[in-house]
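Fold and contact review
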Amino acid sequence: MSDPILEDYKLYYSARSAKFANNPKYRNSYLAEKRMSDAMQACVCLEDFRENAVEMSNACAIALVKDECTIEKNFYDKQLEIIRGRASSEILEKIDSCLTSLDLATMVVEETNKNNVTISLDESHRISLSEWDLLDEISIYENAVVPEKYKARMLEVVENITHSLIEGVKSTEENNSSWQAGWKIIPEKNLEYRHLRILPFAMLHVHTQIAVYKSWLCFRTM
């Protein structure tokens, strides 16, 4: 008489391998899951599966991460997201050295956390573009043609905005320097595709605004 629990396990592992069948993006997962399923189908009793179960389970976990990181890397490569794609590239380089699921999980967390810091530092350069409206306000108030009695008020607004911008730069650089010593805002970073592609502005406009920002920053912080 067949063991109903064994039969359930056979159905379960068969379904797991079928999930990845005919999907070229999950080729590694299919092969690993198929190997495990075939091993289970050959079992006469559950004890037959015990010897290699852990090793095959680890192989399935590693295969799935390998497939998903490959998908992620290909996507980021297509978008020219050289920073966001770095984690998947690093994981793929190191994954074959992982022997257990614990090794795998530790490595993935370490690489993901490290890359999250890199992403945060990279996107912090966008502060030089996120405050365009404040630069515009400075220009408006500095060049406004108003009666003499309003000029002092205009200059006070300019000073307040300027102070806010300078403090924003200082606090961003101080905060990021705790993650990367000597980190500084580089406005030109925003001309790289990963930043430029999300801006609803013409390239010429971005170049012009960066030049204005740099000239303001150099003048105000001298």
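In this report, the structure presented in the accompanying data block is examined.

Conventions used here
For every chain, the first residue of the written sequence is number 1, and numbering continues from 1 onward in sequence order. Where totals are concerned, whole chains, interfaces and linings use all residues; where local detail is concerned, this predicted model gives features only for residues with pLDDT of at least 70, and gives and counts side-chain atom pairs only at 80 or more. Derived side-chain values reflect all non-hydrogen atoms in the structure, with water molecules and hydrogen atoms excluded from consideration. Secondary structure follows DSSP: runs of H or I at least 4 residues long count as helices, runs of E at least 2 residues long count as strands, and numbering of each begins at the N terminus. Each radius of gyration reported is based on C-alpha atoms, and the globular scaling rule is 2.2 Å times the count of residues to the power 0.38. Burial status follows relative accessibility: with a 1.4 Å probe on protein chains alone, a residue under 20% of its type maximum counts as buried, one over 50% as exposed, and anything between as partly exposed. Residue contacts follow a heavy-atom distance rule, with two residues in contact if any of their heavy atoms lie within 4.5 Å. Under this definition, polar contacts are N or O atom pairs within 3.5 Å; protein pairs additionally need one hydrogen-donor-capable and one acceptor-capable atom, and for neighbouring residues in sequence, both atoms have to be side-chain atoms. To obtain an axis, a line is fitted to C-alpha atoms, over the contacting stretch when the element is a helix, and the angle between two such axes runs from 0 to 180 degrees between their N-to-C directions. Between 65 and 115 degrees an angle is taken as roughly perpendicular, under 35 as roughly parallel, over 145 as roughly antiparallel, and anywhere else as oblique. By convention the crossing between two helices is left-handed if the near helix lies anticlockwise of the far one by an angle smaller than a right angle, and right-handed if it lies clockwise. Throughout, the ten residues Ala, Val, Leu, Ile, Met, Phe, Trp, Tyr, Cys and Pro are labelled nonpolar, Asp, Glu, Lys and Arg are labelled charged, and all others, Gly among them, are labelled polar. In this analysis the probe radius is 1.4 Å and the grid spacing 1 Å, with only protein atoms considered; a cavity is a set of points the probe fits into but cannot get out of, a pocket is an open set with protein on both sides within 12 Å along at least five of seven lines, and lining residues have an atom within 4 Å of a point. Grid points are joined across faces, edges and corners, and a volume is the space filled by probe spheres set on the points. Under the convention used throughout, the expected extent of a helix is 1.5 Å for every residue step, that is, one less than its residue count. What we call a nonpolar core is a set of buried Ala, Val, Leu, Ile, Met, Phe, Trp, Tyr and Cys residues that are connected through their side-chain atoms within 4.5 Å.

Secondary structure summary: the protein contains ten helices and zero strands in total. Across the protein, helices and strands are ordered from the amino to the carboxyl terminus as α-α-α-α-α-α-α-α-α-α. Rg of the C-alpha trace for the protein: 28 Å, well past the compact-globule value of 17 Å for 222 residues, more than 25% over. In terms of overall dimensions, the protein has C-alpha extents of about 100 × 35 × 30 Å along its principal axes. Across the 222 residues that make up the protein, the buried fraction comes to 33%. Partitioning the intrachain contacts of the protein with sequence separation of at least 6 by distance along the chain shows that 65% fall at a separation of at least 24.

Once that is clear, we can look at the side chain of Asp 122. In this fold, Asp 122 is placed in helix H5 (residues 101-123). Side-chain polar atoms of Asp 122 contact the side chain of His 195, separated by 3.2 Å. With residues near it in sequence (within four places) discarded, Asp 122 still touches Ile 83, Arg 194 and His 195.

It is the contact of helix H1 (residues 4-20) with helix H2 (residues 27-41), at a shortest axis distance of 8 Å, that shows an interaxial angle of 160 degrees. The pairing of H1 with H2 is recorded here as roughly antiparallel in orientation. The two elements H1 and H2 cross, and the hand of that crossing is left-handed. Residue-level contacts link Leu 6, Tyr 9, Lys 10, Tyr 13, Ser 14, Arg 16, Ser 17 and Phe 20 of H1 to Ser 29, Tyr 30, Glu 33, Lys 34, Met 36, Ser 37, Met 40 and Gln 41 of H2. When its residues are assigned to classes, the contact of H1 with H2 shows seven nonpolar, five polar and four charged.

In total, this model carries one cavity of 30 Å³ or more according to the counting rule given. The calculated volume of the largest cavity comes to roughly 30 Å³. As for the largest cavity, its lining consists of Glu 81, Ile 83, Arg 84, Ile 119, Asp 122, Glu 123, Arg 126 and Arg 194. Among the elements that line the lining of the largest cavity, the one with the most residues is H5, at three residues. The residue inventory of the lining of the largest cavity, partitioned by class, reads two nonpolar, no polar and six charged.

Assignment of secondary structure puts Asn 176 in helix H8 (residues 148-177). A polar side-chain atom of Asn 176 sits 3.2 Å from a polar atom in the side chain of Asn 175.

Let us now look at H5. The terminal C-alpha atoms of H5, which comprises 23 residues, lie 32 Å apart, in line with the 33 Å expected from a rise of 1.5 Å per residue. Regarding H5, the residues found buried are Leu 104, Met 107, Glu 111, Asn 115, Ile 119, Leu 121 and Asp 122. If you follow the buried residues of H5, they end up packed against helix H3 (47-78), helix H4 (86-94), H8 and helix H9 (193-196).

Let us now look at the layout of surface pockets. Space left empty within the atom packing is revealed by a probe, the size of a water molecule, rolled over the atoms. Volume-wise, the largest pocket comes out at about 200 Å³. Surrounding the largest pocket, Ile 83, Arg 86, Thr 118, Leu 121, Asp 122, His 125, Gln 180, Trp 183, Lys 184, Ile 186, Lys 189 and Arg 194 form its lining. Top contributing element to the lining of the largest pocket by residue count: H5, with three residues. Class assignment for the residues of the lining of the largest pocket results in four nonpolar, three polar and five charged.

Time to look at the nonpolar core. Grouped together as the largest cluster of nonpolar side chains are 15 residues, with contacts concentrated most on Ile 138, Leu 165, Ile 185, Tyr 213 and Trp 216. Of all the secondary-structure elements, those providing two or more residues to this core are helix H7 (132-143), H8 and helix H10 (203-221). Residues contacting Trp 216, with those up to four places away along its chain left out, are Leu 135, Ile 138, Thr 162, Leu 165 and Ile 166. Core analysis: the second largest hydrophobic core is formed by eleven residues, Leu 6, Met 36, Cys 43 and Met 56 among them.

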